[in-house]
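# Inside the fold
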Amino acid sequence: MSDSQPEFGKLRSFFWPIYSFELKKVLPMLFMFFFILFNYTVLRDTKDTLIVTSGGAEVIPFLKFWGVLPMAVVFMLLYSKMSNLLSKPALFYSTVTPFIVFFGLFAVVLYPNREMIHPNAFCDWLQGHLPAGFHGLVSIIRYWTFSLFYIMSELWGSMALSLLFWGFANDITKVSESKRFYALFAIGANASLILGGWVVRLLSQLRDKLPSTVTDPWQFSLSMLMLVVVLSGLLIMGIYYWINKNVLTDPRFYDPNAQKKMKKTKTKMSMVESFKYLAQSKYLGCIALLVMSYGISINLVEVTWKGQLKLAYPHPNDYNAFMGAFSMCTGITTMLVILIFSSNVIRRLGWTFGALVTPVMLLITGGAFFGFMIFKTQFQGMLALLGTTPLVAGVMIGATQNILSKASKYSFFDPTKEMSYIPLDAESKVKGKAAIDVVGARLGKSGGSLIQQGLILGLGSISAMAPYVALILMAIIFIWMTAARSLGKQFAQASEEMESREAEERAQAAADLEGTAKPAN
């Protein structure tokens with residue numbers, strides 16, 4: 001944004017702090033984010049339905065640790081290697097394409113032939129020789145195609161959303177622009193939550209409307225869902241191509257000379273060197289703590305809630321329809337929070353305040369959910385008078401907790417986290433972000449899963465571990481809030497230094513321009 005641009009009025013500053021000429025840059029980024037999160041919504045709901053209704057919620061902790069984490073490491077290693085060999089556009093296309101191909105193949109090949117390729121006899125034998133607590137681990141093998149779908153869906157959130165989109169946005173966005181743009185990106189993203197949830201609910205409720213010739217209504221719904229995922233993925237690559245062709249060639253939005261200077265000074269590091277660099281950086285260490293703390297916290301709550309959800313909705317169509325309604329409510333709530341609070345909270349009250357909103361929200365809502373789960377027998381009489389049961393109440397309280405937590409994540413956690421990358425140098429953005437967002441996020445969720453695995457093996461059930469999970473959740477949130485305060489101080493200092501350098505460069509450029517203009521006069 002040019003320094004000569006006029007200030008916004010109060011209403012426009014509150015709702016739409018964007019200049020007309022900036023729409024060329026903002027709108028395609030909004031649409032790109034929209035379709036990435038649309039796919040994320042469809043895949044997130046569907047992956048849970050496949051796993052929970054087949055093997056149970058107790059499969060999730062084992063799957064995240066033994067499946068998602070190793071694959072995240074492999075993907076991160078490949079991405080880091082390719083980032084040194086490929087151009088940024090080629091890297092983007094090479095990362096998105098395998099996901100589109102897999103989800104298409106799952107619908108037309110893997111799921112229709114699941115009975116032939118799932119090793120049920122072997123897993124029956126295996127389960128007979130192992131303790132009951134290993135049911136989750138055996139189910140990963142039994143339903144290996146569902147497990148692979150779950151893993152790829154989880155990685156889509158890390159690779160396409162956190163790494164590709166935000167990495168791209170941070171490359172082409174200034175700190176001053178991010179304070180206005182990033183909260184608005186979230187508006188488009190959460191509009192996709194609403195649409196994605198509606199599509200999931202609509203396609204999952206087709207069971208009663210299909211002709212009798214359709215023997216597996218869930219397979220039909222799944223095929224339709226994967227079709228929209230593939231089409232959305234193609235649109236994402238098309239928008240990315242348009243931005244590179246039409247926005248990054250516009251000097252108002254992007255300075256290729258500055259990028260060339262950054263590339264010349266960039267030092268390529270191996271993955272071992274990258275991890276050493278992260279370990280030596282207090283700044284990146286704090287970002288990693290934020291990401292890991294969120295992953296552990298949300299995973300601790302979600303698995304307990306999904307165990308209740310399976311009891312209430314055992315059929316895949318019903319379960320997925322509920323998840324679609326859940327995503328719609330999450331999108332609507334997030335949209336309201338963003339429009340009313342998010343951008344103004346960060347701009348007016350500062351980065352640190354915005355970064356603390358999510359852990360405080362998880363502390364309050366998580367405490368309420370686990371309090372009910374631990375003492376639900378004491379509420380039976382009151383719930384009976386209200387015409388409901390502890391199971392239904394637990395599902396609804398857990399859904400409310402998840403909706404509010406995710407709304408605060410999308411509205412405050414994601415924008416503040418991504419803003420924290422902007423003052424970093426190019427090497428830290430690429431290698432540091434890959435390690436934090438792909439592996440760090442997975443370590444967070446897998447850490448929560450490892451905790452739950454131990455509790456399930458020791459206590460035998462998800463409901464029995466609720467008091468212990470509640471105590472661990474409180475401890476993790478305390479670490480999270482401490483890291484957020486520390487990072488807030490470092491971010492403020494780094495931003496001031498970056499803006500000071502930019503001001504000096506603008507002043508020097510103006511002086512050079514004036515000096516070259518004088519002889520001509």
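For the structure itself, look to the data block above.
Before going into details, it helps to say that this report is about the structure given with it. Throughout, a residue's number is its position along its own chain's written sequence, starting from 1. At least 70 in pLDDT is required for a residue's local features to be given in this predicted model, at least 80 for side-chain atom pairs to be given and counted, and no such filter applies to totals for whole chains, interfaces and linings, which use all residues. Values reported for side chains reflect all heavy atoms of the structure, with hydrogen atoms and water molecules removed beforehand.

### Let's talk about the overall build of the protein
Across its full length, the protein holds 19 helices and zero strands. Across the protein, the fraction of contacts at a sequence separation of at least 24, relative to all contacts at a separation of at least 6, is 85%. With an accessible surface of roughly 22,400 Å², the protein has 68% of that area assigned to carbon and sulfur atoms. Secondary structure elements are taken from DSSP: a helix is a run of H or I of four residues or more, a strand is a run of E of two residues or more, and numbering for both begins at the N terminus. For this analysis, residues touch if any pair of their heavy atoms sits within 4.5 Å. In this description, accessible areas are obtained by the Shrake-Rupley approach with a 1.4 Å probe, and a residue is regarded as covered only by the protein chains that are shown.

### A look at the packing of aromatic side chains
In this description, an aromatic ring pair is defined by two values, namely the gap between the centres and the angle between the planes. The aromatic pairing rule takes the rings of Phe, Tyr and Trp, using the six-membered ring of Trp, and pairs them if the centres are within 6.5 Å, calling planes under 30 degrees apart stacked, those over 60 edge-to-face and the rest tilted. This model, assessed by the stated rule, comprises 26 aromatic pairs. Note on tryptophan 305 and phenylalanine 326: the rings are 5.2 Å apart at their centroids and 45° apart in plane angle, and the pair reads as tilted. Taken as a pair, tryptophan 305 in helix α13 (residues 282–312) and phenylalanine 326 in helix α14 (residues 316–349) lie far apart in primary sequence, 21 residues in all. Its relative accessible area of 5% is what places phenylalanine 326 among the buried residues. Ring geometry for phenylalanine 372 versus phenylalanine 379: centroids 5.6 Å apart, planes at 35°, classification tilted. Grouped by ring-pair contacts, the aromatic residues Phe102, Phe103, Phe106, Tyr111, Tyr143, Phe146 and Phe149 constitute a single cluster. Three exposure classes are used, based on accessible area relative to the maximum for each residue type with a 1.4 Å probe and protein chains only: buried under 20%, partly exposed in between, and exposed over 50%.

### A word on empty space enclosed by the protein
A 1.4 Å probe that fits into a set of points on a 1 Å grid over the protein atoms alone but cannot get out defines a cavity; an open set with protein on both sides within 12 Å along at least five of seven lines defines a pocket, and lining residues are those with an atom within 4 Å of a point. Grid points are joined across faces, edges and corners, and a volume is the space filled by probe spheres set on the points. In the structure shown here, the tally under the stated rule is four cavities of 30 Å³ or more. Contributing to the lining of the second largest cavity are 11 residues, with Phe33, Trp166, Ala189, Tyr410 and Asp414 lying nearest its centre. For the lining of the second largest cavity, the elements supplying multiple residues, two or more each, are α2 (23–52), α8 (144–172), α9 (175–204) and α17 (390–421). The element best represented in the lining of the second largest cavity is α9, accounting for four residues. Gly counts as polar in this scheme, as do all residues outside two lists: the nonpolar Ala, Val, Leu, Ile, Met, Phe, Trp, Tyr, Cys and Pro, and the charged Asp, Glu, Lys and Arg. Here the lining of the second largest cavity is built from residues that sort into nine nonpolar, one polar and one charged.

### Things to note about the pattern of salt bridges
We define a salt bridge as a contact between a side-chain nitrogen of Lys or Arg and a carboxyl oxygen of Asp or Glu at a distance within 4 Å. Tallying each qualifying case throughout the model produces 10 salt bridges. The shortest N-O distance in the salt bridge between glutamate 154 and lysine 47 comes to 3.1 Å. You can see glutamate 154 sitting in helix α8 and its partner lysine 47 sitting in helix α2, a full 107 residues away along the chain. By relative accessible area, which is 7% here, glutamate 154 ends up buried. Lysine 306 is the partner of glutamate 302 in a salt bridge, and the nearest nitrogen-oxygen pair spans 3.7 Å. In this pair, glutamate 302 and lysine 306 are both assigned in helix α13, four residues apart and thus about one turn of the helix distant. Lysine 306 gets classed as buried once you look at its relative accessible area, which sits at 4%. Through salt bridges with shared partners, a single network forms among Lys47, Asp48, Glu154, Glu302, Lys306 and Lys406.

### Describing the environment of leucine 450
Within the secondary structure, leucine 450 is located in helix α18 (residues 426–459). For leucine 450, a relative accessible area of 42% corresponds to the partly exposed category. Taking the C-alpha atoms as reference, leucine 450 lies 9.7 Å from isoleucine 296; in sequence the two are 154 residues apart.

### Things to note about α8
Its 29 residues give α8 an end-to-end C-alpha distance of 40 Å, which sits within 8% of 42 Å, the value for a rise of 1.5 Å per residue. A residue's bend is the angle separating two fitted axes: one through the seven residues that end there, the other through the seven that start there. Where α8 bends most, at leucine 155, the angle is about 25°. Of all 29 residues that make up α8, 26 are buried, and the element is covered over most of its length. Take the number of residues in a helix, subtract one, and multiply by 1.5 Å to get its expected span.

### Brief notes about the packing of α13 against helix α15 (residues 351–374)
Between two packed helices, the angle of one axis relative to the other and the distance separating the axes together describe the packing. The geometry of α13 relative to α15 is characterised by a closest axis approach of 11 Å and an angle of 25° between their N-to-C directions. Relative to α15, the element α13 is oriented roughly parallel. Crossing hand, α13 versus α15: left-handed. In this structure, α13 uses Leu290, Tyr294, Ser297, Ile298, Leu300, Val301, Thr304, Trp305 and Gln308 to contact α15, whose residues at the interface are Trp351, Thr358, Leu362, Phe369, Phe370 and Met373. Grouping the amino acids of the contact of α13 with α15 by side-chain chemistry returns 11 nonpolar, four polar and no charged. Axis definition: a line fitted to C-alpha atoms, limited for helices to the stretch in contact. Angles are taken between N-to-C directions and run from 0 to 180 degrees. What sets the label is the angle itself: under 35 degrees gives roughly parallel, over 145 gives roughly antiparallel, 65 to 115 gives roughly perpendicular, and the rest give oblique. With the far helix as reference, a near helix turned anticlockwise by less than a right angle produces a left-handed crossing, and one turned clockwise produces a right-handed crossing.

### Observations regarding the side chain of threonine 334
For threonine 334, the location among the structural elements is in helix α14. Residues contacting threonine 334, with those up to four places away along its chain left out, are Asn190, Lys406, Ala407, Tyr410 and Ser411.

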